[in-house]
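Residue-level structural notes
Here is how the chains run, residue by residue.
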Amino acid sequence: MSIYPGVVEAFVSVDGVNVPVYDSGHDAQARRPLVLVHGSGGTAEKHFGLLFPMLAARRRVIAFDYGEEGREDPLTLDHLVNKLAGVTEYSSPGGQVDVVGYSLGAVIATAYAARNRDRVASLVAIAGWIATDPQQRLRNELYRTLQESGSEALGSFQVLMAFGTAYLAGKPWAEVQAMADASRPGPDRARQMLLNSSIDLTGEAEKVEAPTLVVGCTDDQIAPIRQSRLLFGAIHDARFAEVKAGHAVMSERPAEIFQLIDSFTQAPDETAPGTRLPHLII
Amino acid sequence: MSDEFQATDDGAIGSTTDVAIIIVGTGFSGLGLGTKLARAGERSFLLLERADDVGGTWRDNDYPGAACDVSSHLYSLSFRPNPDWTHVYSPQAEIHEYLRETAREEGLLPHIRFGCEVVGAEWDEVANLWRVSTSRGSFTSRVLVTAAGHLSDPKYPNIPGLDSFEGHLFHSAGWNHDVALENQRIGVIGTGASSIQIIPEVAEVASHLTVFQRSAPYVRPRPNRQYTAAEKRMFRRVPESLQELRAEMFWNNEARLVERQALPALLEAAAAVAHKHREAQVIDPEIREKLKPNFVYGCKRGLRSDDYYPTFNRENVTLECAGIDRVEGKQVIMTSGDVHELDVIIASTGFETTDLPISYIIRGRQGRSLADAWSGGMQAYATLAVSGFPNLFIMGGPNTGLGHNSAIYVIESQIDHILGALQFMAQRPDAVLEVSAEAENSYVEGVESRGEGTVWLSEGCQTWYVDPRNGRLTSLWPDFAHSFRRENAAFVPDPYLAESTTG
Ligand SMILES: Cc1cc2nc3c(=O)[nH]c(=O)nc-3n(C[C@H](O)[C@H](O)[C@H](O)COP(=O)(O)OP(=O)(O)OC[C@H]3O[C@@H](n4cnc5c(N)ncnc54)[C@H](O)[C@@H]3O)c2cc1C
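Residues numbered from 1 in each chain as written. Chains lettered and ligands numbered in written order. Predicted model: local features only at pLDDT ≥ 70, side-chain atom pairs only at ≥ 80, totals over all residues. Heavy atoms only, no water.

**Considerations on the packing of helix α3 (residues 77–91) of chain A against helix α4 (residues 104–115) of chain A**
Helix packing geometry: the angle between the two helix axes and the distance between the axes. All names here are of chain A. Put simply, the rule reads: Axis angles are defined between N-to-C directions and span 0 to 180 degrees, where every axis is a line fitted to C-alpha atoms and, for a helix, only to the segment in contact. A run of H or I in DSSP counts as a helix once it spans at least four residues, and a run of E counts as a strand once it spans at least two, with each numbered from the N terminus. Throughout this description, any angle smaller than 35 degrees is read as roughly parallel, any larger than 145 degrees as roughly antiparallel, any in the 65 to 115 degree range as roughly perpendicular, and the remainder as oblique. It only takes one pair of heavy atoms within 4.5 Å for two residues to be counted as in contact. Throughout, the ten residues Ala, Val, Leu, Ile, Met, Phe, Trp, Tyr, Cys and Pro are labelled nonpolar, Asp, Glu, Lys and Arg are labelled charged, and all others, Gly among them, are labelled polar.
Packing of α3 against α4 brings their axes to within 9 Å, and their N-to-C directions diverge by 70°. Relative to α4, the element α3 lies roughly perpendicular. Residue-level inspection shows Leu77, Asp78, Leu80, Val81, Leu84, Ala85 and Thr88 of α3 in contact with α4, the latter providing Leu104, Val107, Ile108, Ala109, Ala111, Tyr112 and Arg115. Of the residues contributing to the contact of α3 with α4, the split by class is eleven nonpolar, one polar and two charged.

Shown next, in the form of structure tokens:
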């Protein structure tokens, strides 16, 4: 993966699976490493192709792929959390990391932070959710129906769900069509969708102790913003930021996400628990 | 021009006018700061302007086709949103009018001295104030702010004989509107940001246009269009819709910065857009090849145009890529020996950027000039304060250039810093703010280290962002715009008070 010049590629073995890891390497100031956890339907490169280099210009960043292709057994949250544990140990043996998760990655990161309070210095949960709700299940079911029937509508449906209305409205039609055509199910999509339909962190999220930034997206139709607000409610030391984007915030607003992560991780305690971060004045 | 923009005199020439704050220049920077001062109830300030109108860049660059290349809703003051921008990229006259209206509506006209060129500014170490001499008398002030622009002094190319060209010669930033271009043989020197706006317009009227190109730019599509009446009224009635659009434009531009961090894949993708644009728009394969850039993408300011490339499909346009050897009479003689006979030459060759003219007329402690302090390349703490120059704030100086986002965002960040300093000084009437050399140097090191690994300092990148005298990245801010504000907007007294310079 050419996500960043000089990136080191390694494998970490977790529960018998080789997890591909992308490590930007050395940090001159020897700060804590930052670990990125991608979401369903993605890969490190697909979800963090822009965010990774932005962060890596500042500090050491490590991303990984789930690396689950070809497996048939049900995918579990525990298994994915174990992978994050393995990558944390690789990144900072016995030490702490900052964890940033997006979408299902935010769910994984939140669960990990709840279960490994001594390893997480700070947590950023972007477009995540606390417990799958009927709106999300409905979308997942519809997705499955379209996929199983081989429907051509799948691409359009994905784009319609993933992107914010303002973002789509500002695009030339040909580009939107191209996005729909290019929208193919990512690796291991079906197993991830099943897992997505059964998430419940209701009790666990409250156990997170790390300073946390929850980022919700105003136009999100995949993990609606009320889900992020619930995470904000559940996690004691959390602050909340809103981004004007759909679920595909990593392509719609990568620089704003970078700005939020960069300023939060520089001084996680700068804002008090419960703070709603104002939008920057532009 | 209306009467209200007329020059006023402060009593008899020869007397000295004293105010709290003097601002040099009435472009976006000077007017922006002036607006904030006026709104805060400050009365003791003057804006000194050498021209007879406000607007700076947007007054001077009134060449055909002039327009902003950052979207208008972003390229405007946050505290003066304008629902009525006619285009995504509005024309010069409209931006100029926006600034004139700002001066009028914010009550700045009584504070402006037009036709007032600052020719000297000296720090008086005894009285702790600035002595400012101008073409219209003398002034003193506790605080001096230069808002004299970094693209305000036209630079001509160094071509033997150009001065004695026997046709008409002028610079893009000093357009001679008395010269009729219809059916003339015209040469445009340069293919930068201004040129690509000028060339399509001039080609329409010239009998023949010769474009002298030294280095072909990357030109990407410019999705310009008019705003509809519905949109304009929506922006007025639903102000947050304008604000959301502005934020979207800002963050889109921010995302483009990564392309410049020498990430081969992203650079290639961005360059590919420009290559595709050129291939789609230029018919003749030979010309297409000549228009192909040969420097790394992102090294220079990104350019946008939809009518630049098609201009080279015209019968009456020649693209000349050999070097100019000399000018004789009405002839431009190339190093190849070819000769172009011309009636008009338009020098569209940019501005003095690494060596700011204003630095030669400012003298700080011990009479040392700012130019002298900057002989190794310009530098400042927080981009605006220099050790040895007390109570001086420089807007648009070192490390304030952005290749990827709106200059206004940088300007407003500097305004915030200056207002913070002024508030601090208001509470301590004897305080003299002078940044320590240590604070300045460690700040500058922090900025310069970020330039490493970027396209600007990569091999083969010749850009005005880099000082040719020492290879330092002195003009550009080599980071995000939002980082500029985070790092520079807040005024913190400590770095200014380290050397017990308080009176
Ligand atoms: C053609 C052109 C297009 C541009 N387009 C964009 C764009 O789309 N987006 C963008 O972000 N940036 C753009 N820029 C950059 C632009 O310069 C800045 O955005 C901005 O206008 C700078 O404002 P300023 O007030 O700092 O300086 P200026 O506008 O240059 O104003 C400086 C003022 O100071 C006065 N002055 C100078 N010296 C003296 C003196 N000794 N005594 C008295 N008065 C003096 C000048 O007469 C002038 O009025 C463009 C620049 C040019 C040249």
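**Details of the sheet that holds strand β14 (residues 331–334) of chain B**
All names here are of chain B. Spelled out, the test is: Two strands are said to pair when DSSP picks up at least two bridges between them.
Taking strand neighbours across the sheet as the criterion, the three strands line up as β13-β14-β15 in an open arrangement whose pairing is antiparallel. The strands lining the two open edges of the sheet, one partner per strand, are β13 (324–328) and β15 (339–341). Strand-to-strand twist in this sheet, taken as the mean axis angle between neighbours without regard to direction, amounts to 20°. Here β13 runs beside β14; their pairing, made up of four bridges, is antiparallel. Directly across from Ile324, in β14, lies its bridge partner Met334.

**Here's the deal with helix α11 (residues 407–427) of chain B**
The criterion, for reference: By this rule, a helix spans an expected 1.5 Å times one less than how many residues it contains. Definition of a polar contact: a pair of N or O atoms within 3.5 Å, with one able to donate and the other able to accept a hydrogen when the atoms are protein atoms, and with sequence-neighbouring residues admitted only if both atoms are side-chain atoms.
In this model, α11(B) (21 residues) spans 31 Å end to end at C-alpha, consistent with the 30 Å of a helix rising 1.5 Å per residue. Between a side-chain oxygen at the N-terminus of α11(B) and the backbone nitrogen of Ile408(B) the separation is 3.1 Å; the capping residue is Ser406(B).

**Examining the packing of aromatic side chains**
To describe a pair of aromatic rings, you give the distance between the ring centres and the angle between the ring planes. Residues and elements named next belong to chain B. Formally: Two aromatic rings from Phe, Tyr or Trp, using only the six-membered ring of Trp, form a pair when their centres are within 6.5 Å; if the ring planes differ by under 30 degrees the pair is stacked, by over 60 it is edge-to-face, and anything between is tilted. Classification of residues uses two cut-offs on accessible area relative to the type maximum, computed with a 1.4 Å probe and protein chains only: under 20% is buried, over 50% is exposed, and between them is partly exposed. Each ring is checked for a lysine NZ or an arginine CZ that lies within 6 Å of its centre and within 35 degrees of its normal; such an atom marks a charge sitting over the ring.
Using the criterion set out here, one finds 23 aromatic pairs over all chains in the structure. Ring centres of Tyr227 and Phe235 lie 5.6 Å apart, and the angle between their planes is 85°; on these two criteria the pair is classed as edge-to-face. No difference in accessibility class separates Tyr227 from Phe235, as the two residues are buried. The interplanar angle of 80° and the centroid separation of 5.1 Å between the aromatic rings of Phe250 and Trp251 together place this pair among those described as edge-to-face. On the accessibility criterion, Phe250 (0% relative accessible area) is buried. We classify Trp251 as buried; its relative accessible area is 2%. We note Lys300 situated over the ring of Phe295; from NZ or CZ to the ring centre the distance is 4.9 Å.

**A few points about the interface of chain B and chain A**
Our working definition: Joining two parts hides part of their accessible area as seen by a 1.4 Å probe, and the buried area is that hidden amount summed over both. In what follows, salt bridge is the name for a side-chain nitrogen of Lys or Arg lying within 4 Å of a carboxyl oxygen of Asp or Glu.
Contact with chain B, which involves 26 residues of that partner, is made by 22 residues of chain A. Summing both sides of the interface, chain B and chain A together bury roughly 1,900 Å²; the carbon and sulfur share of this comes to 64%. By the criterion of area lost to chain A, the three top residues of chain B are Trp251(B), Leu263(B) and Arg486(B), representing 31% of everything that side buries. Our count for the chain B to chain A interface comes out at one salt bridge. Between Arg58(A) and Asp479(B) there is a salt bridge, with the nearest N and O atoms lying 3.1 Å from each other. Seen at the junction of chain B and chain A, the total is five residue pairs in polar contact (both at pLDDT 80 or more). Sorting the residues of the side of chain B that touches chain A by element identifies α6 (239–255), α7 (264–281) and α13 (481–488) of chain B as the ones contributing at least two each.

**Overview of the site of the ligand**
Residue and element names in this part refer to chain B. So the rule is basically this: Definition of nearness: a residue and a molecule or strand are near each other if at least one heavy atom of the residue lies within 4 Å of the molecule or strand. Computed with a 1.4 Å probe, the accessible areas rest on the Shrake-Rupley method; for each residue, only the protein chains presented here act as cover.
The immediate surroundings of the ligand are formed by 34 residues, with Ser29, Glu49, Asp69, Tyr75 and Ala407 found nearest. In the environment of the ligand, a nitrogen atom lies 3.2 Å from a nitrogen or oxygen atom belonging to the backbone of Arg50. Coverage of the ligand by the protein amounts to 94% of the 990 Å² it exposes when considered alone. For the shell around the ligand, the secondary-structure elements that each account for two or more residues are α1 (28–39) and α2 (57–60). Considering every element that reaches the shell around the ligand, the biggest residue donor is α2, with three residues. Of the residues belonging to the shell around the ligand, the class tally is 16 nonpolar, twelve polar and six charged.

**Observations concerning unusual backbone geometry**
One non-glycine residue, Asp15(A), adopts positive backbone phi at about 45°. With respect to the helices, strands and loops of the structure, Asp15(A) is situated in the loop between β1 (8–14) and β2 (17–23). Positive phi, normally seen in glycine, also occurs at Asn128(B), with a value near 55°. Inspection of the secondary structure assignment puts Asn128(B) in the loop between β4 (118–124) and β5 (129–134).

**So, the packing of α1(B) against helix α3 (residues 92–105) of chain B**
All names here are of chain B. Rules: The sense of a crossing depends on the near helix, which, turned anticlockwise from the far helix by less than a right angle, makes the crossing left-handed and, turned clockwise, makes it right-handed.
Viewed as axis vectors pointing N to C, α1 and α3 meet at an angle of 30°, and their least axial separation amounts to 10 Å. By the angle class used here, α1 and α3 are roughly parallel. Read as a crossing pair, α1 and α3 show a hand that is left-handed. Contacts between α1 and α3 involve Phe28, Leu31 and Thr35 on the former and, on the latter, Ile95, Tyr98, Leu99, Thr102 and Ala103. Here the contact of α1 with α3 is composed, by residue class, of six nonpolar, two polar and no charged.

**Considering the pairing of strand β6 (residues 120–126) of chain A**
Each regular strand shows side chains that alternate between the opposite faces of the sheet. Residue and element names in this part refer to chain A. Selection criterion: Viewed with both strands pointing away, a crossover whose connecting path from the first strand over the helix to the second turns clockwise is right-handed.
Most of β6 sits out of view: seven of its seven residues are buried. The pairing of strand β5 (residues 97–102) with β6 spans six bridges and is parallel. The residue of β6 that forms the bridge with Tyr102 is Ile126. In this fold, β5 hands off to α4, which returns the chain to β6; that crossover is right-handed. Strand direction decides the pairing type here: β6 and strand β7 (residues 212–217), joined by four bridges, are parallel. Opposite Ala125, over in β7, you have Val214 as the bridge partner.

**Points about the sheet that holds strand β16 (residues 344–347) of chain B**
Think of a sheet as strands paired side by side through backbone hydrogen bonds, with each pair either parallel or antiparallel. Residue and element names in this part refer to chain B. Read across the sheet, five strands follow the order β7-β16-β8-β9-β12 without closing on themselves; strand pairing throughout is parallel. What marks the edges here is a single partner per strand, and that holds for β7 (168–171) and β12 (317–320). With direction set aside, neighbouring strand axes in the sheet form an average angle of 15°. Relative to strand β9 (residues 208–212), strand β8 (residues 185–189) runs parallel, the two being bridged by five bridges.

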